[in-house]
Structure formats: structure tokens, C-alpha cells
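Read off the chains here:
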Amino acid sequence: MAAVQLTPAEEGELRARVRREAEALAREFAGIFSPETVERYVTESFDAIRGRARLLDFVPVFVHRYSRERLRALAQAEGLIARDRPEVLYVCVHNAGRSQVAAALTARLSGGAVAVRSAGSDPADEINPAVVEVLAERGIDLSEEFPKPLSDEVVRAADVVITMGCGDACPIYPGKRYMDWDVPDPAGQPREVVEAIVADIEQRVRKLLAELGVAAVQ
């Protein structure tokens, strides 16, 4: 999707808000990363996210969250902050359906005992509304989630990387467990098919948690 055309005043206000997010993250990661490193990550995240017209009003918030996720992953990968639980990364093409479902169910069923991230090799503009609806009926709110680009840091930080239809887009690092789940894409599917896909992913998540030694929350 093409970037939204802003007036000079709107562009200035948007960039000022993003700078404030960068300053907040620089304070959070003080002593771990330099302000210049934080600013670089924020700028990269801004460039990756700002072109999505539907998310424009929320760009600064999403930039903060995506930058923070990448910085935390980088710090974990480089041993700069402690890791106290397994890290799982789910990757699909658009990060709008399967990987979002898997991440949400892992977070819910693990009760926080597993750190989970998701990303897309070619992220969409929004999460599949049918997926949002089906998970909402299970008490899982995706209203604050958004499709995120796959980044090198989150792969490096993960213990387990699970792909779903994204081919060879995910970089390979030694010492990690890679799995591919053959799960249909819910995009364009009728409601009953989406429900079946969610149920399939739930069973896979439960099996994964058992393999990680984590008791699933009932």
C-alpha cells in the first residue's frame, strides 16, 4: 500500500511523536544500548510501518511496540538481558492469521510461562477480521495487535521457530529448533473453516507446550 500523503504540518507532528517514542525507549534501554542504536531501530521500524494507511493514527504506538520488541530480542540474543523462559517465534506470510492465532493461543495456554512473538515475511495491513472474531469468542483480544515484519533479531532470540507457509524467508541459525506447521491460510475462508484452523493450531500449541515442559492452562 502506498504511503499516505501528509501535509508538512502533519508530517512534522508524526515525526515529533515518533521522536518522543525513541526518547522513551532510550531511557528504558539506558546502559544496554546507546541512544543512537535505539534511534536507528525506531527509524527502521517507522519506515516499515508508516506506509499502512489504516494504521496511520496509531503509527507512533506501533513503532514503539515494534522497536521495543526488536531491541529486547537483540538484547536477549546478545546476552545483555536475562532469559527466564522459553522463547517461541511464529512466522507466516502476512502475520495476519495463522501466526497471530498461534502466538495468542501460546500466550494464553502457557499462562505466561513461554515468551512468544510472531511476524510475517510480507506483513499485511491488518489482522484477518474473521480471526479476530473467532479468537474474541474464546476470550482473546487481538485489538492491540498488528502485523509485524520479520526481523533478524527476533529469530536470533527464539529457542523455537515455527513457520507456516512462508517458505525460505526465515533465516537459519544453529542451535535453534525449527518446525514447519502445515496449516491452511484462513484468508478468504468461511467462518467454519477459520474455526477449524484455530482448533487445529490449538492442538499443535498444546503439543508444543508439553514438549517444552509447560503445563497448559485449562
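To start, this report covers the structure provided alongside it. For clarity, every value in this text was computed on a predicted model and none was experimentally measured.

## Topic: the side chain of Ser118
Item 1. Among the secondary structure elements, Ser118 is positioned in strand β2 (residues 115-120).
Item 2. One polar contact links Ser118 to Asn95, side chain to side chain, over a distance of 3.0 Å.
Item 3. Beyond its immediate stretch of four places on either side in the chain, Ser118 contacts Glu69, Leu89, Tyr90, Asn95, Ser99, Gln100, Ala103 and Lys148.

## So, helix α4 (residues 98-110)
Item 1. With 13 residues, α4 should reach 18 Å at 1.5 Å per residue; the first-to-last C-alpha distance of 18 Å fits that figure.
Item 2. Of all 13 residues in α4, 11 are buried, a share of seventy percent or more.
Item 3. Within α4, burial applies to Arg98, Ser99, Gln100, Val101, Ala102, Ala103, Ala104, Leu105, Thr106, Leu109 and Ser110.
Item 4. Of the surrounding secondary structure, the elements contacted by the buried residues of α4 are β1 (87-92), β2, α5 (129-136), β3 (160-164) and α7 (191-211).
Item 5. Positive backbone phi, approximately 60°, marks Gly111, located one or two places after α4.

## Description of the packing of aromatic side chains
Item 1. The full count for this structure, using the stated rule, is 4 aromatic pairs.
Item 2. Ring centres of Phe62 and Phe146 lie 4.1 Å apart, and the angle between their planes is 20°; on these two criteria the pair is classed as stacked. Note that Phe62 is positioned in helix α3 (residues 59-77) and Phe146 in the loop between α5 and α6 (152-157), a separation of 84 residues in sequence. There is no split in this pair, since Phe62 and Phe146 are both buried.
Item 3. Ring geometry for Tyr90 versus Trp181: centroids 5.7 Å apart, planes at 50°, classification tilted. Placement of Tyr90 in strand β1 and of Trp181 in the loop between β4 (177-180) and α7 is noted, with a sequence separation of 91 residues between them. Each of the two residues, Tyr90 as well as Trp181, counts as buried.

## Points about the pairing of β2
Item 1. In terms of residue burial, β2 counts as a mostly covered element, since 5 of its 6 residues are buried.
Item 2. Where β1 lies against β2, 6 bridges are found, and the strand directions are parallel. Along β2, the bridge assignment pairs Cys92 with Gly120.
Item 3. Following the chain from β1 across α4 to the adjacent parallel β2, one finds a crossover that is right-handed.

How each quantity is defined
- Residues numbered from 1 in each chain as written.
- Predicted model: local features only at pLDDT ≥ 70, side-chain atom pairs only at ≥ 80, totals over all residues.
- Heavy atoms only, no water.
- Helix = DSSP H or I, 4+ residues; strand = E, 2+ residues; numbered from the N terminus.
- Polar contact = N/O pair within 3.5 Å; in protein donor to acceptor, adjacent residues only side chain to side chain.
- Contact = heavy atoms within 4.5 Å.
- Expected span 1.5 Å × (residues − 1).
- Buried < 20%, exposed > 50% of the residue type's maximum accessible area, 1.4 Å probe, protein only.
- Phe/Tyr/Trp six-rings, centres within 6.5 Å; stacked < 30°, edge-to-face > 60°.
- Pairing = 2+ DSSP bridges.
- Right-handed = clockwise from strand over helix to strand, strands pointing away.

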